[in-house]
Amino acid sequence: MIIGVGTDLLDIRRIEQTLARFGERFCARVFVESERVRCDRRANRAACYAQRYAAKEACAKALGTGLRQGVFWRDMVVTSLPSGKPILTLTGGARRRLEKLLPEGMNAAIEVTLTDEYPMAHAVVVISAVPNGIKGPPVA
Ligand SMILES: CC(C)(COP(=O)(O)OP(=O)(O)OC[C@H]1O[C@@H](n2cnc3c(N)ncnc32)[C@H](O)[C@@H]1OP(=O)(O)O)[C@@H](O)C(=O)NCCC(=O)NCCS
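Keep in mind the model is a prediction, meaning the values are calculated, not measured. (Residues numbered from 1 in each chain as written. Predicted model: local features only at pLDDT ≥ 70, side-chain atom pairs only at ≥ 80, totals over all residues. Heavy atoms only, no water.)

Visitor: Quick question: what am I supposed to make of the site of the ligand here?
Guide: Taken together, D8, R29, Y53, E57, K61, G64, T65, G66, L67, R68 and W73 form the complete shell of residues around the ligand. Within the side chain of K61, a nitrogen or oxygen atom sits 2.7 Å from an oxygen atom of the ligand. Note that a nitrogen atom of the ligand is positioned 3.1 Å from one of the backbone N or O atoms of G64. Considering the ligand on its own, with 940 Å² of exposed area, one finds that the protein chains cover 44% of that surface. In terms of residue count, helix α3 (residues 45–62) provides more of the shell around the ligand than any other element does, three residues in total. In terms of residue class, the shell around the ligand is built from three nonpolar, three polar and five charged. (Near = heavy atom within 4 Å. Polar contact = N/O pair within 3.5 Å; in protein donor to acceptor, adjacent residues only side chain to side chain. Areas by Shrake-Rupley, 256 points an atom, 1.4 Å probe, with all protein chains shown as cover. Helix = DSSP H or I, 4+ residues; strand = E, 2+ residues; numbered from the N terminus. Nonpolar A, V, L, I, M, F, W, Y, C, P; charged D, E, K, R; others polar.)

Now the structure itself:
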């Protein structure tokens, strides 16, 4: 059962400008270490950050809060499986918000998909509730 859907479209040039202007301060506020390591290795560094920024905004929409009510950027972390498939993991306030949305006896399964075509980056997040004991996509 789907309990939340979010999407976000972002102009990579905005992230390029923010990185040039605020660099470390912006990265430290929005991204965790593993996201930064991955993006800083990339030739298309700004696009990598833009996709992850879009994923966090999409997730905040899927949670129904936006970046409010205790849901912070660094609570929503994008990692990748060895295959390259992105995974979204929630901690802190975002995790607590997710737990509030879940019906009794259900676990959350979060799917995220990312894409970019310069100058745009895009993400979609779908949050589902699956009965305890049924295997969904990884959430943590
Ligand atoms: C919800 C949020 C994520 C929207 O992001 P945005 O990039 O400003 O705007 P977008 O155009 O992507 O999305 C707007 C749409 O999100 C949807 N939306 C708004 N609040 C929402 C909520 N609480 N839950 C789910 N969706 C929401 C609405 O459909 C809205 O469009 P509408 O007002 O025309 O109906 C935003 O409220 C937010 O929290 N942004 C944080 C941005 C920020 O802090 N920036 C600082 C720069 S570092």
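Once you've had a look at it, read on.
Visitor: Before we go on, may I ask you to explain the pairing of strand β4 (residues 106–117) in this structure?
Guide: Successive side chains on a regular strand alternate, one facing one side of the sheet and the next facing the other. Pairing of β4 with strand β5 (residues 120–131), which is carried by 12 bridges, proceeds in the antiparallel orientation. Bridge pairing links L114 to A123 in β5. Following β4, the chain reverses through two residues before pairing antiparallel with β5. (Pairing = 2+ DSSP bridges.)

Nothing here speaks to function; it is all geometry.
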